[in-house]
Every structure is written in C-alpha cells, then in structure tokens.
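# Structural overview
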Amino acid sequence: MHKYFFLVLLKILIKNYIEKINELQADMLFQNIPLTAELLKSFLKNGCVKTTFTLNDLFSEYLAIVEKRLKNGEIKKITFNRYKQVTTEFLTANKLSSDLPAEQIDYSHFLRYQNYLNGIMQPSSSAGHLKKIKTIFKYAFECGRIKTYPATSLKIDRGEKDTVRYLTPAELAKIENYDFKNDKLRRVADLFIFCSYTGLSYSDLKELTPEDFEFEGTSCFLQKKRVKTGVEFVTLLLPKSKLIAAKYSFQLPIISNTKYNEYLKDIQDLCNIR
C-alpha cells in the first residue's frame, strides 16, 4: 500500500515538473530568451525566468564550461585558474559589481582592463589575459546573452618578441661538467640537459612518468602528446638524456616551473653563461 502511494506521488511530481518546463519553454520563446540548462534550473528553483543576465551569470556559466573541460582532461588546472583570475581582474580594473547586467559592458571597459594589466605585468602576459576575457564575451554574444560584442575593435599588443638565443655546444658542456655543490642545482641542471637533448619543454617534462619510457633492445624512446598543443611526438633518447633518466630510475625529480627558472638563473651565473 505504501509503495503504491509513493509511486502515485512520484508520478504527480514528475507531471508537475514537466508542466513547469513546458511553461518555461513558452515563456522563453515569447521573451526571445535562449533555452539553456542554466535557465531551466533557474526556473525550477525560482519559479520564473531570470531575464537580467549579469556579469556573475556570464562568468559562472563560462567557468562551468571551462571546469568541465578540465575534468575531461582537455586543459590543465593552471588554465582554469587563469580564467577565474581574469574574471576577478576585469571587475577590479573597472570597479564593477558582479550584479551589473552583462549587456552594459562596452569597449571602454576593455580599455580600462588593458591599462590595468599593462601596469602589473609584461605585454605578453597581458595579451593572454585579454584574449581570455574577450573569449568569454564572444561566447556571450554568440549564445545570444548580449546583443553586441563589445571587444570587436580591441587590439591586443603582445609586445616585441624576444630574440631566441641558443646555447652553444661549449656552453651546454659547461652545465654538464660543472661541479655543483648544491644537490638542487645539480638536479635542475640534469633536467635542463635532458630537455636540451630531447627537445621537450618543461611542461612536457613534468608530465613524464616511468611508464612513458619505452624500450626496444638497447634503445629507449618516448611517445606522448604535447601538453600545450595535444600533438603526438616520438623522441629517441640520446645517450646523455638516457643516462640522466636512468640516474633517477626514470622518475625525473620535477619541481615547480617557477623554482626551475630561479635555479636556472643561478646555474647561468655559476657557469658564466650570458
């Protein structure tokens, strides 16, 4: 008897929800509001369609998309955190409330944000932040959340590209043969030499595990995807890179990229490399 009563009650609740969703669809069609999962949830929670799309709505909606990409392994945690950072910076630079309708953002807000970034970071970093905030507002425009795209005319200055200077064989040999008294510097030097002989970036190096080292006879090679591009690569370990990997039992002593760069500067000074 109790089971039958529960099933009847459940059937009534489901019917009510379906009716509410049908009402929402009709209401949204009348108001030209896009039918999205977020608006459906808003209706079921508040009993109405929220017509004012605020900056908080925009940022929350887009960050949810980026977070899903993070969980799917499409992007790294640092990329997700960078998107969160730019949404906060954009509000701070313009002294805006997150409750402001997204429709009220115009070109001047992007210029203020650009000036704000240029005052706290290098042009190359500023360009990356601007690109992300532009992407968020372009999403809002293409999804019909806002009527115009306010950053159409914004020019992003990436600054002058630094001239790439390569180490000579003699300079690389200095690092290989230097007697480092500090174990941390020796490990960082080994990581740098490994990268030099494999062509891997440090972000690729950080993702390596012992299982990534494959052996065929006396040869050892790596087959993996680049972190930033997702492009697959295959690289044969030359004798020196193979010796370094074996030195650490193919579990390279990874540290943060920030610390890695700091120690490299110390190594540069000790080895007298410009």
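Coordinates for the structure precede this section.
In short, a report on the structure. The structure presented is a predicted model; accordingly, all values stated were derived computationally and were not measured. Position labels on residues start from 1 in each chain and follow its written sequence. Only residues with pLDDT of at least 70 get local features here, since the model is predicted, and only at 80 or more are side-chain atom pairs given and counted; chain-wide, interface and lining totals rely on the full set of residues. Side-chain metrics rest on all non-hydrogen atoms present in the structure, leaving aside hydrogens and water.

### Examining the layout of surface pockets
This is how it is decided: Here a cavity denotes grid points, spaced 1 Å and computed from the protein atoms alone, that fit a 1.4 Å probe unable to get out, and a pocket denotes an open set having protein on both sides within 12 Å along at least 5 of 7 lines; residues with an atom within 4 Å of a point are the lining. Grid points are joined across faces, edges and corners, and a volume is the space filled by probe spheres set on the points. Per the convention used, a helix needs a DSSP run of H or I reaching at least four residues, while a strand needs a run of E reaching at least two, with both numbered from the N terminus.
Put simply, the largest pocket is a space of about 1300 Å³. Among the secondary structure elements, those contributing two or more residues to the lining of the largest pocket are helix 4 (77–94), helix 9 (202–206), strand 2 (219–225) and helix 11 (257–270). Looking at which element gives the most residues to the lining of the largest pocket, the answer is helix 4, with four residues. If you add up the space inside the second largest pocket, you get close to 780 Å³.

### Things to note about the packing of helix 8 (residues 183–198) against helix 11
Each pair of packed helices gets described by two things: the angle between the helix axes and the distance between those axes. Definition in use: Helix axes are fitted only over the stretch in contact, all axes being lines through C-alpha atoms; the angle between N-to-C directions runs from 0 to 180 degrees. For classification purposes, an angle smaller than 35 degrees is called roughly parallel, one larger than 145 roughly antiparallel, one from 65 to 115 roughly perpendicular, and anything else oblique. The contact criterion used is simple: two residues touch if any of their non-hydrogen atoms lie within 4.5 Å. Under the scheme applied here, ten amino acids are nonpolar (Ala, Val, Leu, Ile, Met, Phe, Trp, Tyr, Cys and Pro), four are charged (Asp, Glu, Lys and Arg), and all others, including Gly, are polar.
At their nearest, the axes of helix 8 and helix 11 sit 9 Å apart, and the two run at 95° to each other. The angle between the axes of helix 8 and helix 11 places the two elements in the roughly perpendicular class. Across the interface between the two elements, K184, L185, V188, A189, L191, F192 and C195 of helix 8 pack against Y260, Y263, L264, D266, I267 and L270 of helix 11. Along the lines of polarity and charge, the residues of the contact of helix 8 with helix 11 split into eleven nonpolar, no polar and two charged.

### Digging into the sheet that holds strand 3 (residues 232–236)
Note the following rule: By definition, two strands form a pair when at least two bridges between them are found by DSSP.
Pairing within the open sheet is antiparallel, and its three strands lie in the order 1-2-3. Looking at which strands have only one partner, the edges of the open sheet turn out to be strand 1 (213–216) and strand 3. Strand after strand, the sheet turns through a mean of 25° between neighbouring axes, direction not considered. Two strands pair when backbone bridges link them, and strand 1 and strand 2 are joined in this way by four bridges, in the antiparallel orientation. When the sheet's bridge partners are listed, F213 is paired in strand 2 with L222.

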